Amino acid sequence: MRSLLLIICCISFFTAQSQKITVLKCGQVLDVRTGEMSKNVMIVIKGNSIGSILPPGALAKIKADTVIDLTAYTVLPGLIDCHTHVLLQGDITAEDYDVQILRESIPYRTIRAVRSCNIALQQGFTTIRDLGTEGAGYADVDLKKSIKNNVIPGPRMFVSTLAINTTGHYPVSEKEYAWELTMPKGLQEITGADEARRAVRQQIAHGADWIKIYADRGYYKLADGSYRSSPNFTSEEIMAIGDETIRSRRKLAAHAVTRDGILAAINAGASSIEHGFGMDDECIALMVQKNVYWCPTIYVNDFVAEGRAKAGSPINQLFAESEPALFKKAMKAGVKIAYGTDIGGYDWNMPESKDFSFLVQYGYTPLQAIQTATINAAALLDQPLLGELKDGNLADIIAVKNDPTKDIQALSDVRWVMKDGLVYKSVK
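Residues numbered from 1 in each chain as written. Predicted model: local features only at pLDDT ≥ 70, side-chain atom pairs only at ≥ 80, totals over all residues. Heavy atoms only, no water.

### Let's talk about the sheet that holds strand 6 (residues 79-84)
Here's step 1: With parallel pairing, 3 strands are arranged side by side in an open sheet as 6-7-8. One side of each edge strand has no neighbouring strand; the edge strands of this open sheet are strand 6 and strand 8 (156-159). Along the sheet, successive strands turn relative to each other by an average axial angle of 15 degrees, direction set aside.
Here's step 2: By the bridge criterion, 4 bridges tie strand 7 (residues 125-130) to strand 8 in an arrangement that is parallel. By the bridge assignment, Asp130 is partnered in strand 8 with Val159.
Here's step 3: In the packing of helix 4 (residues 139-148) onto the sheet, the strands contacted are strand 7 and strand 8, and the crossing angle to strand 8 comes to about 155 degrees. (Pairing = 2+ DSSP bridges. Helix = DSSP H or I, 4+ residues; strand = E, 2+ residues; numbered from the N terminus. Axes fitted to C-alpha atoms, helices over the stretch in contact; angles between N-to-C directions. Contact = heavy atoms within 4.5 Å.)

See the structure below:
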């Protein structure tokens, strides 16, 4: 026993000794919870965590391995995007989507996704929740492992593997091709409650952190200005998915656009509603009551609206017209919002920061917009060590030139990125 204790003590000692200490000399540091700016402070990084945040003049007392000068910058936590698709490269039309599913192999799509992951990280998104591989199997789990093992650069990933829908309600659609063909699907199709439970279990067995469903389809607008759709699941199916997800200690994300999908998803236990462009007052009230987060993915709707209207579907243009009023209503009611872009649904060459400007345009202060991608997103993901710069949290840190609480566009020009204590983008 004494020998064992001695070995443990030695391991602990050498582990502590091997932790490198990095000091960041910051011009100003944003407290994303209060909005307070601290001037000329030092952030001490020990290994992959924040050891302490110290006042000016403390550097002389610290034996640092590395000192990084960020005195010309505003420093804040790494950003979190709660709705991405690294294995997609933009799909305005059904043809855009089909080309990726039918003509690009999963290895080729995964190679492209490596680039997408690095783009996200370079833009300051140190954590993402990726909501569906769209026909690429469990490649998101491989990407997550590769990043975690430092094989490729990228954000910390929480993955949902294959989204779940019911048979016949998702592309690639058999009716668009020769009926003799067995078409690949962008997700996992189920029929019945037993298959629903099996799908959840299979995805978790393959490494899913979250379960994602497509709760509705076929969106349309009524004469009174409200939106409706067709629900994808029977009540037995969606409740089975929700129950199995919760029993497995996972959380459920629901692509749900109108009350027909949103209410069913919330009642099944969904933790987040994705898109929600056509939600109504009852949806808003239930989201507040049940503490369900909204990922509004505003820019992607604008991005696809014109192209889809030309292809014969104007619904996204209608959503864009009603979105500002909906956002103000949800904000007033107290709906919690987590930053989610749906990038991959739009081209990865477009900035991932686009939604910040929409959030401010629709009524949020810049600080509130920043909170959606920091403390709010961390809370949705159940990750208390992310989203805030404080002692003991993971060292996910970014620096921007200007003050984002005064100009949200500052987040579109991230100059320096650290994730897990390692620098991935240096100031020039």
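### Structural notes on unusual backbone geometry
Here's step 1: The step from Pro171 to Val172 runs through a cis peptide bond, and the omega angle for that step is 10 degrees.
Here's step 2: Here Val172 shows up in the loop between strand 9 (164-166) and strand 10 (188-190).
Here's step 3: Residues other than glycine seldom take positive phi values, yet His275 does so here, at roughly 85 degrees.
Here's step 4: Structurally, His275 can be placed in strand 15 (residues 272-278).
Here's step 5: At Asp342, a position not held by glycine, the phi torsion is positive, near 70 degrees.
Here's step 6: Within the secondary structure, Asp342 sits in the loop between strand 17 (336-337) and helix 11 (354-361).

### A closer look at the confidence of the model for the chain
Detailed reading of the predicted coordinates is not advisable wherever pLDDT is low.
Here's step 1: Chain-level statistics for the chain give a pLDDT mean of 93 and a share of 95% at 70 or above.
Here's step 2: The model gives residues 1-17 a pLDDT under 50, and that stretch makes 0 contacts with residues more than four places away or in other chains. (pLDDT = per-residue confidence, 0-100.)

### Some details on the packing of helix 9 (residues 298-310) against helix 10 (residues 315-333)
Here's step 1: Running from N to C, helix 9 and helix 10 cross one another at 140 degrees; their axes reach a closest spacing of 7 Å. With respect to each other, helix 9 and helix 10 are oriented oblique. For helix 9 against helix 10, the interelement crossing comes out left-handed. Here Ile298, Asn301, Asp302, Val304, Ala305, Glu306, Arg308 and Ala309 of helix 9 come into contact with helix 10, specifically with Asn316, Gln317, Phe319, Ala320 and Glu323.
Here's step 2: A per-class count over the contact of helix 9 with helix 10 returns 6 nonpolar, 3 polar and 4 charged. (Parallel < 35°, antiparallel > 145°, perpendicular 65-115°, else oblique. Left-handed = near helix turned anticlockwise from the far one by under 90°. Nonpolar A, V, L, I, M, F, W, Y, C, P; charged D, E, K, R; others polar.)

### Let's talk about helix 10
Here's step 1: The end-to-end C-alpha distance of helix 10, which contains 19 residues, comes to 25 Å, matching closely the 27 Å that a straight helix rising 1.5 Å per residue would cover.
Here's step 2: Taken as a whole, helix 10 carries its principal kink of about 45 degrees at Glu323; the proline Pro324 stands between one and four residues after it.
Here's step 3: Within helix 10, the full set of buried residues consists of Ile315, Asn316, Phe319, Glu323, Leu326, Phe327 and Ala330.
Here's step 4: Following helix 10 by one or two positions, Gly334 adopts a phi angle in the positive range, close to 95 degrees. (Expected span 1.5 Å × (residues − 1). Bend = angle between axes of the 7 residues up to and from the residue. Buried < 20%, exposed > 50% of the residue type's maximum accessible area, 1.4 Å probe, protein only.)

### Some words on the pairing of strand 3 (residues 42-46)
Here's step 1: Most of strand 3 is tucked away: 4 of the 5 residues are buried.
Here's step 2: Where strand 1 (residues 21-30) and strand 3 come together, 5 bridges link them in antiparallel fashion. For Val23, the partnering residue across the bridge sits in strand 3 and is Val44.
Here's step 3: Pairing between strand 3 and strand 4 (residues 49-54): 5 bridges, direction antiparallel. Each bridged residue has a counterpart across the sheet, and for Met42 the counterpart in strand 4 is Leu54.

### With respect to the environment of Leu102
Here's step 1: Its place among the elements puts Leu102 in helix 2 (residues 94-103).
Here's step 2: Linking Leu102 and Lys185, residues 83 residues apart in sequence, is a C-alpha distance of 9.5 Å.
Here's step 3: Setting aside its immediate chain neighbours within four residues, Leu102 contacts Val172, Tyr177, Met183 and Pro184.

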